[in-house]
There are 2 protein chains.
Amino acid sequence: MIVPDILDASAEFWKKSLPHISIDCVVFGFHANSLNVLMLKLKSADNWMLPGGYVNKNEAINDAAKRVLFERSGADKIFLNVFGVFGTLNRSEDFFKNYPDDLWHKQRFVTVGYYALVDHTQVTPVTDSYSDKCEWMPIDNLPTMVMDHQEILNKALATLREQLSYKPIGYNLLPETFTMPELQSLYETILGQKLNRGNFYRKIMRYNILVKLDEPRKGGAHKAPNLYRFDEENYKKALNDFNW
Amino acid sequence: MIVPDILDASAEFWKKSLPHISIDCVVFGFHANSLNVLMLKLKSADNWMLPGGYVNKNEAINDAAKRVLFERSGADKIFLNVFGVFGTLNRSEDFFKNYPDDLWHKQRFVTVGYYALVDHTQVTPVTDSYSDKCEWMPIDNLPTMVMDHQEILNKALATLREQLSYKPIGYNLLPETFTMPELQSLYETILGQKLNRGNFYRKIMRYNILVKLDEPRKGGAHKAPNLYRFDEENYKKALNDFNW
């Protein structure tokens, strides 16, 4: 295990960051019917991890999350939400036990989990000086992850799926116009299960967020499918409405 | 402003607690058609606050939340959930600026918000050496709160209301048998708005969590109302089901 960068950085972290608090970002990307998550691999480790970092002493924690994600992925303007806090004993200490002189990483960290669901094309993964890979990986074929990062990812995915049951999604993830099967496919991909077509249609129409276009999609040998677009105003309203 | 206890405690906190991280608990209690929140008043402050505290160095953060709530309210066995993290700059520093020698409280704190919804009768509020009052207060008539505690409470309430739109609630909050108007009243109290009776009935029946009893409620001059109880198995299933 080679750890030069991390050793050098330890003193710097003590100077500029709050101890004991870290941030991990679970960024889901939807593209070509695949739900992916942004992962990175440190030069110093064999396994993959979520993009994470620390909170500067003079920085609000939400700003820190945005900065961390930007530094690790080149993605800005991403709306990140807290979905959990992970603070069992020894969750990070064990991982860093082979870094004997690095007091920064050997301290106990409580990590705050942030998540977002974005269009793939918004994000161009970049590596920084600690990482040698930063990539999208499909959630149904993930490598072994460090520390409790698999648990963190699972919780984020559960939160995303829960959100799907009471909020519309799809805006910014689908093209401007789309067919009902395309929208259903987005939901199925996130939920990881097939849905009944009739039930899906009925439930999605209840949100009152779709506008059916006059013209069906052109081309193709079969009956041209109906096209829809989101009604932006009703979509925003549905985001803030409760079902009751 | 009198601050003897807090000053004395500062050294003790440094020894046993993680710096920079605090916990605040928003405990909602339902009783007699009122939604209340557990609040306390420090001896050293004029305004009220949420029950909060710090994480011991050798303690998982979820255990810390339970302990903090127990110490401040006498309530154990309460299932607390993280709903947010509050970490803007100066959120707590300003409040403690009049405690000149207390370095513990003058540090920057990022606070983790935990919430629960409980039966009033489960909790007997107790005061500790720092507080002179610990009481249930109705959410529609709250006193001025310290720091960003009003914002923390608002976020917890929004989370509870959101949860109501995709998960059943009521188990442990209502008596074993109840009428449909009583269940509706619980929902209305939490949502802070009146609901249409027909819509409520239709939506609640969709969960498939209610069992109608053969015998209506006895007594009273009017037509005896139907009684319901929760189907425990279906209720648990609905808690983990997604609507899709």
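The name that an unreviewed UniProt entry assigns to chain A is DNA mismatch repair protein MutT, with the source organism given as Pedobacter mendelii.

A. Molecular detail of the relation of the copies chain B and chain A. Expressed as a screw transformation, the operator carrying chain B onto chain A has a rotation angle of 180° and an axial translation of 0.0 Å, and the superposed copies differ by an RMSD of 0.0 Å. The superposition operator between the copies reduces to a two-fold rotation axis. It is Y166 of chain B whose C-alpha, among those of chain B, lies nearest the rotation axis, at 3.0 Å.

B. Summary view of the nonpolar core. If you look at the biggest cluster of nonpolar residues, it comprises 59 residues, and the most contacted ones within it are I61 of chain A together with I61 of chain B. Those residues in contact with I61 of chain A that sit more than four places away from it in its chain are I21, I23, V55, V112 and Y114 of chain A together with V85, G87, R108 and V110 of chain B.

C. View of the packing of aromatic side chains. Overall, the coordinates contain 29 aromatic pairs over all chains when judged by the stated rule. On the basis of an interplanar angle of 90° and a centroid distance of 5.8 Å, the ring pair of F83 of chain A and Y115 of chain A is categorised as edge-to-face. Placement of the pair is F83 of chain A in strand β5 (residues 81-86) and Y115 of chain A in strand β6 (residues 110-119), with a sequence separation of 32 residues. In this structure F83 of chain A comes out as buried when scored by relative accessible area, which is 6%. Look at Y115 of chain A and you get buried, because its relative accessible area is 6%. Each ring, one from Y187 of chain B and one from F200 of chain B, has its centre 5.3 Å from the other, and the planes form 70°; the classification is edge-to-face. Placement of Y187 of chain B in helix α5 (residues 180-191) and of F200 of chain B in helix α6 (residues 197-206) is noted, with a sequence separation of 13 residues between them. When its relative accessible area of 0% is taken as the criterion, Y187 of chain B is described as buried. Clustering of aromatic rings is evident, with ring pairs tying together F13, W14, Y54, W104 and F109 of chain A.

D. View of the pattern of salt bridges. Residue and element names in this part refer to chain A. Evaluation of the coordinates by the stated rule reveals 14 salt bridges over all chains. Note that R67 is salt-bridged to E71, the shortest N-O span being 3.3 Å. Pair noted here: R67 and E71 are both in helix α2 (residues 61-73), with a separation of four residues, about one helical turn. In this structure, E232 and K236 form a salt bridge, with 3.8 Å as the shortest nitrogen-oxygen distance. Of this pair, E232 and K236 are both found in helix α7 (residues 232-240), four residues apart, which corresponds to roughly one turn of the helix. Residue classification places E232 among the partly exposed residues on the basis of a relative accessible area of 40%.

E. Broad picture of the interface of chain B and chain A. Taken together, the contact pairs 38 residues of chain B with 38 residues of chain A. Summing both sides of the interface, chain B and chain A together bury roughly 3300 Å²; the carbon and sulfur share of this comes to 70%. Linking chain B with chain A are two salt bridges, by the criterion used here. Residue K167 of chain A pairs with E162 of chain B through a salt bridge whose shortest N-O separation is 3.8 Å. Along the contact surface separating chain B from chain A lie ten residue pairs in polar contact (both at pLDDT 80 or more). Residue composition of the side of chain B that touches chain A, by class: 22 nonpolar, eight polar and eight charged.

Conventions adopted
Residues numbered from 1 in each chain as written. Chains lettered and ligands numbered in written order. Predicted model: local features only at pLDDT ≥ 70, side-chain atom pairs only at ≥ 80, totals over all residues. Heavy atoms only, no water. Least-squares fit on C-alpha atoms with pLDDT ≥ 70 in both. Core = buried A, V, L, I, M, F, W, Y, C linked by side-chain atoms within 4.5 Å. Buried < 20%, exposed > 50% of the residue type's maximum accessible area, 1.4 Å probe, protein only. Contact = heavy atoms within 4.5 Å. Phe/Tyr/Trp six-rings, centres within 6.5 Å; stacked < 30°, edge-to-face > 60°. Helix = DSSP H or I, 4+ residues; strand = E, 2+ residues; numbered from the N terminus. Salt bridge = Lys/Arg side-chain N within 4 Å of Asp/Glu carboxyl O. Buried area = accessible area lost by both parts, 1.4 Å probe. Polar contact = N/O pair within 3.5 Å; in protein donor to acceptor, adjacent residues only side chain to side chain. Nonpolar A, V, L, I, M, F, W, Y, C, P; charged D, E, K, R; others polar.

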